[in-house]
Amino acid sequence: MTTTEQAHHTQAPPAVPPAGARRLIFGAGWIRAAWMSALFAGIGIGIVTGIRALAGWEPVWDWQPIMTVAFLTAAPIGYLVGIGCFDYWLYYISGRPTRAEDHSSHGAHSWRDYFRVNTDHKVIGVQYVTTTIIFMLAGGLLAMFFRAELARPGMQFIDPQTYNGLVSVHASLMIFLFIIPAFAGLANYVLPLMIGAPDMAFPRLNALSFWMLPVAGVIMLSSFVVPGGAFAAGWTNYAPLADVNPDGNIFFQMAVQWAGASSIATALNFLVTIITMRAPGMTFWRMPLLVWANFTTSLLVVVATPFIAGSQFFLLFDRVAGTDFFRPDGGGYVLGYQHIFWFYSHPAVYIMMLPGFGIVSEVIAVMSRKPIFGYRLMALSLMAILVLGFSVWAHHMFVSGMATWLRVPMMITTLLIAVPTGIKVFSWCATLWEGRLHFTTPMLWALGFVSMFVIGGLSGIYLGAVPIDIHVSDTYFVVAHIHYVLVGGSLFTIMAGIYYWFPKMTGRMYDERLGKLHFWTTFITFNLTFFPMHWIGVQGMPRRVSDYVPEFANWNFFISIASFALGASFVIFIYNMVVSWARGPIAEANPWRALTLEWQVSSPPPIFNFDEIPQVVGNPYEYGVPGARHAVLNGGGARTEELEEVRAH
Amino acid sequence: MRKGAIVTMVVIGAIVGAVVACIAVFVDWLPEQASEEREGIDFVFWLTTWICVGIFTVVASLIIYSVMKFRTSPDDDADGLPIHGHTGLEVVWTAVPFILVTVISVASGVVLARNQDAGNNPLRVRVTAQQFAWSFRYPNGRESPVLRMPLGRSTELRLHARDVLHSFWVPQFGQKQDAVPGIETRLVVTPKKLGRFPVICTELCGLGHAVMRSRAIVMRPAAFRRWLARARANR
């Protein structure tokens, strides 16, 4: 235990816990979460039926508002209160004594601490990553179910309602519960370390952001058990189909609220952390590109996410409360839904991409032993994507029937995004040049990402050009494109990040051979699964169909088999992660010989990250520059001796 | 850069370029071309394809060359050459993509304007989409579950939806348009080939979405006129 840690513990001893059964039932934790969820659900039912009875609305017992208010709003709040997310604030509000320096819920001392509310950004980061991996596996299984159905034309195993449900929940889980929060989780772990901060700016808000996430995931998945079936209008949930969908649709609308609230809170936290908590000397132009990437992503999240929240609330009111926002019969504006939805969901594409750009920049620079090529232009192109990203939403609507003149300006801005994106790709390639490349697992994922993202980016040019888009819109070509950017792009970078920081997060090393095997099996089966989709799309196969013409039978069979192999390749990943975490060799503090700050402390880092505040003295990627240093640390770090030497000069 | 390195680069580039170009040329990418609008669409498609083949070749060759040339053993502790950037190069790879996307934008804009133009004598057909069927009504009041069109004359489809969103698509015509409840949308098709083509709904519209199909039948103008007149007589 370090001295600071001891100091904190002696300063603020944990409150004397109430003894025995009382503590078990009333203390923060899963038991309290269980009964409080039930209690809050009951209160919710009381409010709805009470108001309906008083107002004389028939029937008093109406499932739709009860589901919305009691089960999808009140019960999750009960669970959050029960698990302990609000304890500190409730103590403060009710005037009971609180300690400003209360660190009793900080840091993990045993595996049990990962199942409790914890304010340590490192614990939260691990909680995030493992939770999102679980949802990724769930989403992948759903995809394999519907690929089994699509292996042959005609209907085999499932009915169209189940099929549409599987497709919709697959996409929603992967987007809202895997890619977006997985990036938030990785950044949660490494970002404070990278900027030399002891934690995030708002640790309790950080914990709350995480604990809202399982709520969203459980709601999405449980829409399958709703009478009538899961939400089945696609993840885009277009009106008016959403209105005539089964009640499972409410589950999507509310799950998005929980995931969105979590996302916004995290983004605010990142912004404040980056702006106010950088170590001395860490100017904006000395920040690692991962920090830059999360800075721009967080700006996107804060500005854009309220739009999807709004679009889903309007839809919910149309369904439950009888409003007419998007109902044509009542004067509603159907296309309005799409405009609001895409005003979030296009920037969301960059929310799912920019943090990956950051991860890959770290990995490529370190594994090439070279400074990142054109660092400033790399940071500026992130900002360019941020700004342009808000001006392209209607390219999802070229065939929607919106004002026809809007198509050309939206096409121009869309194609212009290729410029900053191209700058990034060329700069990564140039970073490799004259480097000394180490093909470790993270590097393989990073290079796999660059090559697959080029394909995804180029198919994006086809989709940006209006005449081609009119032909391929809503076909398998689009399915191929989104999977090249979200799997070949986002998932590959998440994998690069997980392998790269695995030694830092767990203190143990993963199995390099299994890591490489995982990469190659995923890389090959991914291409076999998704590349043929370009062709069947252009040829005439629409997306989101449970049945198709026999003409496409052979390719669909091939794609289904390849997709099962793609799913199977993740067994290697899970095995490697679980076994290495439990029994892998102890990792060094800095196995990659990286310069950024997170590698200058032990693996895993001490509870408050740095024993003394680090002093940043140079750029983060000065590999090969004689005598260059990114930061100077006094104690505990791996390069202490070297740094002592530097300071002596 | 040494001469040997340049030769290696060129060889890798030629191989990658040849492979990608073969995929572009020898795979039968586009469906049969059956409308005049498709001419413009196919032009933009191939323009984009050749630009993409070029960009992909450059990037892939760079990566392959670097992987072959600059790899090192795991116990090599040395660092690479500390190159921080090169303003000239950075200007080039900002400017060249900018020019290329401008070219694609201009070509797309021109084609789009042309494909929206129905000329001065279009056949107007009112299309009604509902879960899960298509209906086509002609100016003389004749309704048909299949779309019959005369060869060589622009047909202007006016699309309506009864319940939810649907989308009209005939892959061989290359034109697609959503039908939206509450508003009228518009699509121009000028068939240039006789035959029967599938009409496909491409916007998820519910349980029967996959089977919401019809046919488009392109007829000789005289035959089409006879069909329309007979239809009137039948009413």
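Before reading further, recall that the structure is shown in the block above.
Since we're looking at a predicted model, the values are computed, not measured. (Residues numbered from 1 in each chain as written. Chains lettered and ligands numbered in written order. Predicted model: local features only at pLDDT ≥ 70, side-chain atom pairs only at ≥ 80, totals over all residues.)

Visitor: Help me get a handle on the overall build of chain B, residues and values and all.
Guide: When you go through chain B residue by residue, the secondary structure sums to four helices and 10 strands. Its C-alpha radius of gyration of 26 Å places chain B more than 25% over the 18 Å reference for a compact globule of 235 residues. Projected onto its principal axes, the C-alpha coordinates of chain B cover approximately 85 × 35 × 30 Å. In chain B, the share of contacts with a sequence separation of at least 24, taken over all contacts with a separation of at least 6, comes to 73%. (Helix = DSSP H or I, 4+ residues; strand = E, 2+ residues; numbered from the N terminus. Rg over C-alpha atoms; globule rule 2.2 N^0.38 Å. Contact = placed C-beta atoms within 7 Å.)

Visitor: Any chance you could break down the overall build of chain A for me, citing the residues and the numbers?
Guide: Assigned secondary structure in chain A consists of 22 helices and two strands. Relative to the globule expectation of 26 Å for 649 residues, the C-alpha radius of gyration of chain A, 25 Å, shows essentially globular dimensions. Based on the C-alpha atoms only, the size of chain A along its principal axes is roughly 75 × 65 × 45 Å. Per-residue burial for chain A yields a buried fraction of 57% across its 649 residues. Within chain A, contacts between residues at least 6 apart in sequence are counted, and of these 80% link residues at least 24 apart. (Buried ≥ 20, exposed ≤ 12 C-beta atoms within 10 Å, placed from the backbone.)

Visitor: Describe the sheet that holds strand 9 (residues 195-201) of chain B, naming the residues involved and giving the relevant values.
Guide: Residues and elements named next belong to chain B. Judged by pairing direction, the sheet is mixed, and its five strands sit side by side in the order 4-10-9-6-7 without closing on themselves. Looking along the sheet, the strands with just one partner apiece sit at the ends: strand 4 (147-150) and strand 7 (175-179). The sheet shows a mean angle of 25° between the axes of neighbouring strands, direction not considered. (Pairing = 2+ DSSP bridges. Axes fitted to C-alpha atoms, helices over the stretch in contact; angles between N-to-C directions.)

Visitor: Talk me through the sheet that holds strand 3 (residues 143-144) of chain B; I want residue IDs and the actual numbers.
Guide: Residues and elements named next belong to chain B. Judged by pairing direction, the sheet is mixed, and its five strands sit side by side in the order 3-2-1-5-8 without closing on themselves. The sheet is open, and its two borders are formed by strand 3 and strand 8 (185-189), each paired with just one other strand. Note: strand 5 (residues 155-161) against strand 8, five bridges, orientation antiparallel. Bridge pairing links Thr155 to Val189 in strand 8.

Visitor: Give a description of the pairing of strand 6 (residues 166-170) of chain B that names residues and reports values.
Guide: All names here are of chain B. For strand 6, a buried count of five out of five residues is recorded, marking the element as mostly surrounded by other parts of the structure. Neither face of strand 6 is exposed, since His166, Phe168 and Val170 on one face and Ser167 and Trp169 on the opposite face are all buried. Where strand 6 and strand 7 come together, five bridges link them in antiparallel fashion. Across the sheet, Trp169 pairs through a bridge with Lys176, a residue of strand 7. The antiparallel hairpin formed by strand 6 and strand 7 contains four residues in its connecting segment, where Gly174 sits at a positive phi of about 75°.

Visitor: I'd like a description of the interface of chain B and chain A, backed by residues and values.
Guide: With 70 residues of chain B at the interface, the matching set in chain A holds 74 residues. Contributions of two or more residues to the side of chain B that touches chain A are made by helix 2 (36-69), helix 3 (87-116) and strand 7 of chain B. In terms of residues, the side of chain B that touches chain A owes the most to one element, helix 3 of chain B, which gives 15 residues. Here the residues of the side of chain B that touches chain A are counted per class, giving 41 nonpolar, 22 polar and seven charged. (Nonpolar A, V, L, I, M, F, W, Y, C, P; charged D, E, K, R; others polar.)

Visitor: How would you summarise helix 3 (residues 30-55) of chain A if you had to cite specific residues and measurements?
Guide: Residues and elements named next belong to chain A. Over its 26 residues, helix 3 runs 37 Å from end to end, which matches the ideal 38 Å to within 8%, given 1.5 Å per residue. Regarding helix 3, the residues found buried are Arg32, Ala33, Ser37, Phe40, Ala41, Gly44 and Val48. The elements touched by buried residues of helix 3 are helix 2 (20-26) and helix 4 (63-83). A positive backbone phi angle near 75° is found at Gly56, which sits one or two residues after helix 3. (Expected span 1.5 Å × (residues − 1).)

Visitor: Please set out the environment of Ile572 of chain A residue by residue, giving values where relevant.
Guide: Residue and element names in this part refer to chain A. Of note, Ile572 is situated in helix 21 (residues 553-583). With 108 residues separating them in the primary sequence, Ile572 and Gly464 have C-alpha atoms 37 Å apart. With residues up to four places along the chain from it excluded, the contact list for Ile572 reads Leu514, Leu517, His518 and Thr521.

Visitor: So what's going on with the nonpolar core? Which residues, and what values?
Guide: Residues and elements named next belong to chain A. Trp211, Ala216, Met220, Ala255, Val363, Ala446 and Ala496 are the most contacted members of the largest nonpolar core, which has 270 residues in total. Broken down by element, this core gets its largest block of residues, 22 residues, from helix 7 (residues 160-194). In contact with Trp211, other than residues within four places in its own chain, are Leu80, Ile83, Cys85 and Val117. (Core = buried A, V, L, I, M, F, W, Y, C linked by C-beta atoms within 7 Å.)

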